[in-house]
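Examining the three-dimensional arrangement
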Amino acid sequence: MPSATIDRAPFGTLPDGSVVERVTLRGADGLEAAILPYGATLQSLMTPDRDGHGDDIVLGHDDFDGYLAQRKFFGATVGRYANRIAGARFTLDGRAVTLDANNGPNALHGGLEGFDRKLWEIVELADSPAPTLVLARTSPHGEEGYPGNLQTRVTYRMSGTELSVTFEATSDRPTVVNLTNHSFFNLEGARSGQPILDHRLMIASDHFLAVDATAIPLPEPPRPVDGTPFDFRTPMAIGARIRMDDEQLRLGRGYDHNYCLASGTGLRLAARLEAPGSGRAMELFTDQPGLQFYSGNFLDGSTAGKGNRLYRQSDALCLEPHAWPDTPNRPDFPSARLDPGQVYRRSIVYRFSTV
């Protein structure tokens, strides 16, 4: 069995001359994750199939120029606020906060120059007891309109058949925080050319948030998934109901909705994904209150990725654990507020196996 190791090497250069490294965490069980400090990005994730053959299962780019040119958020850490905030504004302690709108009238994934566009600092590397990379950056008060100087850390750790990603943050004044990883998964392989419509998905949720034409949650309680195309409580092929005549599927051009996870503390199973061809399976555990399921609806062939392949609709899917969208404007939603003296800490664990 191979031993756990860490490698680092130059991957590209920013316009200001800063060198961007590629840090590779290799586990002892055949997993291999490559991370870029630019965007705290998961650039590659090698996992074995049922025959032991390793392949990269996340979309992205083979060279750094691709990450500079695109805004699809491939593998990136997104923030300060993942998902959307309606009208790019909210009120905090009676004060109006105006953000940069970058998704029609709304703010999406932190704005025009969010965390995905920043060079993070490597502050820790350790290969024992598990290969670990810790990245950090300070988001200054007023960045993209958000209040507070936000000290942020992202930790990638490889342990056995698991890759964990932990987000931590503190602020010197009241603010809102919502961080996640935005990887696009295809368990048949990022270069396989196989769509994800045959992937079987389970989401451990009884309710989802219906949205308007700009993907903002409607002013109503979460809807039950029972009797709708959004019911993934038992494993179901993603393509089985994606073309049903349903208003919510029409608005999202497929699935692009927040699932409301069971309340509680600690990590819990949120989703399980299986690919019939490769036999790869991925379980996702999180302590977040929501899970955004996005079926790659807006991959339109305008972006060339790994292997110089044009990425098109249903080439991959996202499972993004985070706070519910537009929470700062919805007092009926779980809060995303962070006050001085508090520590924001949320985690994702991806556990891999074969079937």
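Below: a short report on this structure. (Residues numbered from 1 in each chain as written. Predicted model: local features only at pLDDT ≥ 70, side-chain atom pairs only at ≥ 80, totals over all residues. Heavy atoms only, no water.)

1. Looking at the overall build of the protein
Tallying secondary structure elements over the protein gives two helices and 29 strands in all. Taken along the three principal axes of its C-alpha coordinates, the protein extends 55 × 50 × 40 Å. Scored against the burial criterion, the 355 residues of the protein give a buried share of 55%. Looking at the protein alone, contacts between residues at least 24 apart form 65% of all its contacts between residues at least 6 apart. As displayed, the protein has an accessible area near 14,000 Å², and 48% of this comes from carbon and sulfur atoms. (Helix = DSSP H or I, 4+ residues; strand = E, 2+ residues; numbered from the N terminus. Buried < 20%, exposed > 50% of the residue type's maximum accessible area, 1.4 Å probe, protein only. Contact = heavy atoms within 4.5 Å. Areas by Shrake-Rupley, 256 points an atom, 1.4 Å probe, with all protein chains shown as cover.)

2. Some remarks on the packing of aromatic side chains
By the definition in use, this model includes 14 aromatic pairs. Ring centres of Phe74 and Tyr311 lie 5.4 Å apart, and the angle between their planes is 70 degrees; on these two criteria the pair is classed as edge-to-face. Within this pair, whereas Phe74 is found in the loop between helix H1 (64-69) and strand E6 (76-78), its partner Tyr311 is found in strand E26 (residues 310-312), the two being separated by 237 residues in sequence. Assessed through its relative accessible area of 1%, Phe74 is described here as buried. Aromatic ring contacts, followed pair by pair, group Phe208, Phe230, Phe232, Tyr255, Tyr259 and Phe293 into a single cluster. A cation sits over an aromatic face here: Arg241 above Phe232, 5.6 Å from the ring centre. (Phe/Tyr/Trp six-rings, centres within 6.5 Å; stacked < 30°, edge-to-face > 60°. Lys NZ or Arg CZ within 6 Å of the ring centre and 35° of its normal.)

3. Observations concerning the layout of surface pockets
Estimates place the volume of the largest pocket at around 600 Å³. Within the lining of the largest pocket, the residues separate by chemical class into 12 nonpolar, 12 polar and seven charged. (1 Å grid on protein atoms, 1.4 Å probe; cavity = no way out; pocket = protein on both sides within 12 Å on 5 of 7 lines; lining within 4 Å. Points joined across faces, edges and corners; volume = space filled by probe spheres on them. Nonpolar A, V, L, I, M, F, W, Y, C, P; charged D, E, K, R; others polar.)

4. Thoughts on the sheet that holds strand E19 (residues 223-224)
Judged by pairing direction, the sheet is antiparallel, and its five strands sit side by side in the order E19-E18-E21-E24-E27 without closing on themselves. Of all strands in the sheet, those bounded by a partner on one side alone are E19 and strand E27 (318-322). In the sheet, strand E24 (residues 290-294) pairs with E27 via five bridges, with the strands oriented antiparallel. Bridging across to E27, Tyr294 finds its partner in Cys318. (Pairing = 2+ DSSP bridges.)

5. Some points on the pattern of salt bridges
Counted according to the given criterion, the structure contains 24 salt bridges. Among the salt bridges present, the one from Arg26 reaches Glu32, with a minimum N-O distance of 3.0 Å. Look at Glu32 and you get partly exposed, because its relative accessible area is 25%. A salt bridge links Arg337 to Asp93; its shortest N-O distance comes to 2.9 Å. A residue pair is termed long-range when its members are at least 10 positions apart, and Arg337 in strand E28 (residues 337-338) and Asp93 in the loop between strand E8 (89-92) and strand E9 (95-98) qualify at 244 residues. (Salt bridge = Lys/Arg side-chain N within 4 Å of Asp/Glu carboxyl O.)

6. Brief notes about the nonpolar core
Counting 55 residues, the largest nonpolar core has Leu45, Leu201, Tyr259, Phe293, Leu319 and Tyr350 as the members making the most contacts within it. Ranked by size, the runner-up nonpolar core spans 12 residues in total, among them Ala88, Val97, Ala323 and Ala336. (Core = buried A, V, L, I, M, F, W, Y, C linked by side-chain atoms within 4.5 Å.)

7. Looking at the pairing of strand E22 (residues 268-274)
As paired elements, strand E17 (residues 200-203) and E22 share four bridges and run antiparallel to each other. Opposite Met202, over in E22, you have Arg272 as the bridge partner. When E22 meets strand E23 (residues 280-286), the two strands line up antiparallel, connected through six bridges. Directly across from Glu274, in E23, lies its bridge partner Ala281.

8. Quick notes on the sheet that holds strand E4 (residues 41-48)
Strand order in this open sheet of five strands is E1-E2-E3-E4-E5, and the pairing throughout is antiparallel. In the strand order of this sheet, the two ends are held by strand E1 (5-13) and strand E5 (54-56), each with one partner. The average angle at which neighbouring strand axes cross in this sheet is 20 degrees, direction not considered. Sheet topology places E4 next to E5; three bridges connect them, and they run antiparallel. (Axes fitted to C-alpha atoms, helices over the stretch in contact; angles between N-to-C directions.)

9. Notes on the pairing of E23
Taking burial as the measure, the seven residues of E23 include seven buried ones, the bulk of the element. Alternating residues of E23 divide into Arg280, Met282, Leu284 and Thr286 and Ala281, Glu283 and Phe285, and every residue in both groups is buried. Counted between consecutive antiparallel strands, the loop separating E22 from E23 contains five residues, among which Gly279 sits at a positive phi close to 80 degrees.

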